[in-house]
Amino acid sequence: MSQYLSAEKPAPVTNTPAPATNPPATNNQPANNSPALSLGGITLNDSIEKVRSVLGREDRITGDPTNSKHKYRDIVITYNGRRILGLVSYSPAVSTERNIHEGSSLNEVISAYGRRCAVQNFDGATLYEFPYDTPQGFIVMRFAIKNGVVDYISLRIVSDSKEKSNILSLVKTI
């Protein structure tokens, strides 16, 4: 039994608290944990080359090099030059990293993203917008809900300070 004894003191054990699942809001920022912010496996930082490696070639490109839309079967990607500014999907084949897609219920969205968001009505839908201040910029993930289910999902960078302020002014806990 003496082989298990030691004259050295063991290192102190510290219990690191687990990160909060919904930390309190600060500086008028929403109290959401920032997810990976992807749609269909594509993030706003991805290059055209990465997008093509995931989705293949576009079905159609419209616009000009400084503001173009690359349309695929299930997703539309808006570029400003080579930078992705936004993603939109109306397809159940494309989901967020938390498995929300067109046809998911509002309850599934709330379970996945929380109750802290901006809510507004637009064009026959109720928009649930989850804003995130990230190193890449101010990003909004939108779920358009019609008849209790997701009609479309968008993910975009908001560069206009007035639009950012308007979105933040609508943030509340639902």
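Residues numbered from 1 in each chain as written. Predicted model: local features only at pLDDT ≥ 70, side-chain atom pairs only at ≥ 80, totals over all residues. Heavy atoms only, no water.

## So, the pairing of strand β5 (residues 76-80)
Argument step 1. Both strand β4 (residues 67-71) and β5 contribute to a ladder of four bridges, which runs antiparallel. Considered in β5, the bridge of H70 is made with I77.
Argument step 2. Taking the residues between adjacent antiparallel strands as the criterion, β4 and β5 are bridged by four residues.
Argument step 3. Pairing of β5 with strand β6 (residues 83-89) involves five bridges; the strand directions are antiparallel. By the bridge assignment for β6, I77 is matched with L87.
Argument step 4. Counting the residues in the hairpin turn of β5 and β6 gives two residues, including G81, whose phi is positive at 70°. (Pairing = 2+ DSSP bridges. Helix = DSSP H or I, 4+ residues; strand = E, 2+ residues; numbered from the N terminus.)

## Brief notes about the environment of N80
Argument step 1. Turning to its location among the elements, N80 is positioned in strand β5.
Argument step 2. The exposure class of N80 is partly exposed, given its relative accessible area of 41%.
Argument step 3. Measuring from C-alpha to C-alpha, the distance between N80 and T66 comes to 4.8 Å, with 14 residues separating the pair along the chain.
Argument step 4. Beyond its immediate chain neighbours, meaning those up to four positions away, N80 contacts P65, T66 and L85. (Buried < 20%, exposed > 50% of the residue type's maximum accessible area, 1.4 Å probe, protein only. Contact = heavy atoms within 4.5 Å.)

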